[in-house]
Amino acid sequence: MTRWIVITDLDGTLLDANTYQPGAAAREALRNLQARDIPVVFCSAKTHAEQEPLRSDLAVADPFIVENGSALIMPDGTRHVLGDPGDAIHERLDSVRKETGLAFQTYQDIGLAEVAGLTGLTPEAAERACQRDYSATVVTPFSAAEMARFQQVCAHHGLQAPSGGRFITVTGSGADKGQA
């Protein structure tokens, strides 16, 4: 017998890219999957703290993947960590900043009020977004040449910095959504 599983990103997929909310169609799709006993695994750059209220609201109790594949969290709370600790990532980003001369900023650098302003999140949601255990969010936009240099130097320091939606989620080289 074939056993199905749905693995989904969140922003711009299950959630509206502008409001960060699931629409009626997403809620109905989840209910249909749950009625068929098909697990739904969230796989996102979002943090554990960001995903918990969403999982509760949508009654999803399956494993979930946080911070771009940095960890797989099981329903019992067990974490299978593939990435590096956030403090180590920030230390390496300081080296990247010095080596490249790029004056980029992360959520940690700008604080909650500015994170809320940049993202449109409520202060509470911005606080959850800043609770990064295995990544750093770079908010400074780069030109194509700066981005290439940034990614090259990040890789030299054991970091991944894929360009994503609005911001760049920097993780350790072991983080991998597909592997998680």
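Whatever comes next refers back to the structure up there.
Residues numbered from 1 in each chain as written. Predicted model: local features only at pLDDT ≥ 70, side-chain atom pairs only at ≥ 80, totals over all residues. Heavy atoms only, no water.

Visitor: Any chance you could explain the layout of surface pockets here in plain terms?
Guide: Any empty space left between the atoms is revealed when a probe the size of a water molecule rolls over them. There is about 550 Å³ of room inside the largest pocket. Lining of the largest pocket is provided by 24 residues; of these, D11, A45, G165, R166 and F167 occupy positions nearest its centre. Counted by class, the lining of the largest pocket contains eight nonpolar, nine polar and seven charged residues. What the second largest pocket holds in volume is close to 310 Å³. Lining the second largest pocket are 14 residues, with Y20, Q21, E50, A125 and R128 sitting closest to its centre. For the lining of the second largest pocket, the secondary structure elements donating two or more residues are α2 (48–57) and α6 (123–129). With four residues, α2 is the single largest residue contributor to the lining of the second largest pocket. A per-class count over the lining of the second largest pocket returns seven nonpolar, three polar and four charged. (1 Å grid on protein atoms, 1.4 Å probe; cavity = no way out; pocket = protein on both sides within 12 Å on 5 of 7 lines; lining within 4 Å. Points joined across faces, edges and corners; volume = space filled by probe spheres on them. Nonpolar A, V, L, I, M, F, W, Y, C, P; charged D, E, K, R; others polar. Helix = DSSP H or I, 4+ residues; strand = E, 2+ residues; numbered from the N terminus.)

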